[in-house]
Amino acid sequence: MSDSSTSNSSLAGLQHSEPLGHGKHHPELLHHFADVQQQRNSASLGMWVFLATEVMFFGGLFCAYLIYRLAYFGDFAAASKSIDATLGATNTAVLICSSLTVVLAVWAAETARRTLLIGSLILTMLLGLAFLGIKGKEYKDKFDEHHVPGASFSFENVPVPGHPGQYANPQHAEIFFALYFVMTGLHALHMVIGLGIFTWLLIMAWKGRFTPQYNTPVEIGGLYWHFVDLIWIYLFPLLYLIDRHL
Amino acid sequence: MSDHSKSSPLPKYFAVWIALLVCTFLTYKAAYLDLGRFNALVALGIATFKATLVTLFFMHVWHAGEKLVKLVVISTLFFFLLLLALSMADYGTRLWS
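Note that the structure is a prediction, hence the values are computed from the model and not measured. The residue count restarts for each chain, going from 1 along the sequence in the order it is written. By the order in which they are written, chains take letters starting at A while ligands take numbers starting at 1. Local features in a predicted model are, by the rule used here, given only for residues with pLDDT of at least 70; side-chain atom pairs are given and counted only at 80 or more, and totals for whole chains, interfaces and linings are based on all residues.

1. Some points on the overall build of chain A
We count it as follows: Helix and strand assignments come from DSSP, with helices taken as H or I runs of at least 4 residues and strands as E runs of at least 2, each series counted from the N terminus. Here a residue counts as buried when 20 or more other C-beta atoms sit within 10 Å of its C-beta, as exposed when there are 12 or fewer, and as partly exposed otherwise, the C-beta atoms being derived from the backbone. Any pair of residues counts as being in contact when their C-beta atoms, constructed from backbone geometry, are within 7 Å of one another.
Assigned secondary structure in chain A consists of 7 helices and 0 strands. Taken from N to C terminus, the helices and strands of chain A fall in the order α-α-α-α-α-α-α. Residues counted as buried form 35% of the 246 residues belonging to chain A. Taking as baseline every contact in chain A between residues at least 6 positions apart, the subset at least 24 positions apart corresponds to 75%.

2. Focus on the overall build of chain B
Selection criterion: Every radius of gyration here is taken over C-alpha atoms, with the globule rule written as 2.2 Å times N^0.38, N being the number of residues.
The number of helices and strands found in chain B is 3 helices and 0 strands. Tracing chain B from N to C terminus, the helices and strands come up as α-α-α. Here the C-alpha atoms of chain B give a radius of gyration of 18 Å, more than 25% beyond the 13 Å that 2.2 N^0.38 yields for 97 residues. Along the first, second and third principal axes, the C-alpha set of chain B runs to 65 × 35 × 10 Å.

3. Some words on the nonpolar core
All names here are of chain A. Filter applied, for reference: We define the nonpolar core as any set of buried residues of the types Ala, Val, Leu, Ile, Met, Phe, Trp, Tyr and Cys, connected via C-beta atoms lying within 7 Å of each other.
Ranked by internal contacts, the top residues of the largest apolar core, which has 72 residues, are A79, A105 and F176. At 16 residues, the largest contribution of residues to this core is made by helix α7 (residues 216-241). Excluding its chain neighbours within four sequence positions, the residues that come into contact with A105 are L117, S120, L121, T124, V218 and G222.

4. Structural notes on the interface of chain A and chain B
Rule in force here: Each residue gets one label: Ala, Val, Leu, Ile, Met, Phe, Trp, Tyr, Cys and Pro are nonpolar, Asp, Glu, Lys and Arg are charged, and the others, such as Gly, are polar.
In this assembly, 33 residues from chain A lie in contact with 36 residues from chain B. At the level of elements, α2 (36-71), α4 (85-110) and α7 of chain A are the ones that each hand at least two residues to the side of chain A that touches chain B. Considering each element in turn, the side of chain A that touches chain B owes the most residues, 12 residues, to α2 of chain A. Class assignment for the residues of the side of chain A that touches chain B results in 24 nonpolar, 7 polar and 2 charged.

5. A short note on unusual backbone geometry
Here the phi dihedral of A112 of chain A falls at roughly 60 degrees; this positive angle occurs in a residue that is not glycine. Structurally, the position occupied by A112 of chain A is in the loop between α4 and α5 (114-144). With 14 C-beta atoms packed within 10 Å, A112 of chain A lands in the partly exposed category. One non-glycine residue, H60 of chain B, lies in positive phi territory at about 60 degrees. Checked against the element boundaries, H60 of chain B lands in the loop between α2 (38-58) and α3 (67-92).

6. Some thoughts on the environment of M125 of chain A
All names here are of chain A. Take M125: it is sitting in helix α5. Between the C-alpha atoms of M125 and V192, which are 67 residues apart in sequence, the distance is 9.8 Å. In contact with M125, not counting residues within four places along its chain, are L195 and F198.

7. Quick word on the packing of α2 of chain A against α3 of chain B
Let me state the cut-off plainly: Angles run from 0 to 180 degrees between N-to-C directions of axes, and those axes are lines fitted to C-alpha atoms, restricted for helices to the stretch in contact. Between 65 and 115 degrees an angle is taken as roughly perpendicular, under 35 as roughly parallel, over 145 as roughly antiparallel, and anywhere else as oblique. Note on convention: near helix rotated counterclockwise from far helix by under a right angle means a left-handed crossing. Clockwise means right-handed.
Two numbers describe how α2 of chain A lies on α3 of chain B: the axes approach to 10 Å, and their chain directions differ by 15 degrees. Between α2 of chain A and α3 of chain B, the angle falls in the class roughly parallel. Where α2 of chain A crosses over α3 of chain B, the two elements pack in a sense that is right-handed. Within the contact between the two elements, α2 of chain A uses S44, L45, W48, V49, A52, V55, M56, G59, C63, L66 and I67 of chain A and α3 of chain B uses L68, V69, V72, V73, T76, F79, F80, L83, L84, S87 and Y91 of chain B.

8. Let's talk about the domain arrangement of chain B
Residues and elements named next belong to chain B. Applicable threshold: Note that the domain bounds were set by an automatic or database domain assignment.
According to the domain assignment, chain B consists of domain 1 (1-65) and domain 2 (66-97). Centre-to-centre, using C-alpha coordinates, domain 1 lies 23 Å away from domain 2. Contact residues are listed per partner, giving 4 residues for domain 1 and 4 residues for domain 2. Grouping the constituent residues of the side of domain 1 that touches domain 2 by class yields 2 nonpolar, 2 polar and no charged.

9. A short note on α4 of chain A
Along an α-helix, a turn takes 3.6 residues, which lines up residues three or four apart on a common side. Residue and element names in this part refer to chain A. Our working rule: Any helix carries an expected span of 1.5 Å times its number of residues minus one.
Here α4 spans 38 Å end to end across 26 residues, near enough to the 38 Å set by a 1.5 Å rise per residue. In terms of burial, α4 is a largely internal element, 19 of the 26 residues being buried. Looking at the residues trailing α4, positive phi occurs at A112, about 60 degrees.

10. So, the environment of D141 of chain A
Residues and elements named next belong to chain A. Examined against the element boundaries, D141 turns out to sit in helix α5. Its 14 C-beta neighbours within 10 Å are what place D141 among the partly exposed residues. With 59 residues separating them along the chain, D141 and S82 place their C-alpha atoms 10.0 Å apart.

11. A look at the confidence of the model for chain A
As a note on interpretation, predicted positions should not be read in detail where pLDDT is low. Stated formally: For every residue, the pLDDT score states the predictor's confidence, bounded by 0 at the bottom and 100 at the top.
Per-residue pLDDT for chain A averages 89, and the proportion of residues at 70 or more is 90%. With pLDDT under 50 throughout, residues 1-19 of chain A is counted as low confidence; its partners more than four residues away or in other chains account for 6 contacts.

12. A look at the environment of A109 of chain A
Residues and elements named next belong to chain A. By the secondary structure assignment, A109 is in helix α4. Along the chain, A109 and T211 lie 102 residues apart, while their C-alpha atoms are 6.3 Å from each other. The contact partners of A109, leaving out residues within four places of it in the chain, are L117, F210, N215 and V218.

13. Considerations on α2 of chain A
Taking 1.5 Å of rise per residue, 36 residues should cover 52 Å, and α2 of chain A covers 52 Å from first to last C-alpha, within 8% of that figure. Every buried residue of α2 of chain A is listed here: R40, S44, M47, W48, L51, Y65 and R69 of chain A. Where the residues of α2 of chain A are buried, they touch α3 (73-81), α6 (170-206) and α7 of chain A together with α3 of chain B.

Next up, the structure:
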């Protein structure tokens, strides 16, 4: 016990020139970091480790999709063709544009361009809302077509693409739609969380909290947004595109 | 992060953005061509190319000051592929007995 306390105080002495107050260093620098750069690198690394857990989180769903898709190939193709690929492609473009506005926001924060920072954050959120709006239109279509798994699910007499005379098994198609709603729903939930994070970033940016020395929240929030974009980059071909040619 | 601040990264960002949009258009168009078994390969290949662009340039892994970030990215990829490989080894061999 006494050992650790002495080593702590000697470390603190090494890292911060005395007195141990806020006077000599950047106000956002926490006491357990040597300098702003180290604090920034630590935050960034921590975010990447979090994103690694997120990849495994979505990874289980991608794995389930792969297994069922190989097992029920034709039924998945029939179900996949019933969703609107044009809306999916539009949403992909919307997300890619929002990723551009995010890197612009990070760059603006690093180079002290306040107007560009605030503008980019607002534009990112508008694009995020547009994505959710298009997603909502897709979900509404699925509700109207009774393609939502549950009591009113119906997928009768839908031909299997490439196999004339064969009809898709509704139960297998229901698995496709369950995966579709869970994967896109979880992705949409991440978008909503991202909008919350960006609202907070916008408030902080408005208050002028970000400087070229301290803009870690913008960078970290940006990493999160790009990750959500990355997941969609794979969801789009897997759910919408793969069986279009049949 | 600070070592490449001399030149503006904006041309790079816009080039990556254009490349991502072009790839999205290509994958959307290619999906309607009948390439047989290569349809899935082309779609996933383009997606992986896009994901690599986003990770390296938008998420700044290319210029990451910390080597640890690159290590985390590579191990994430490794463990995700391990998840897929072991699961598929299971489901792919269940009919063997």
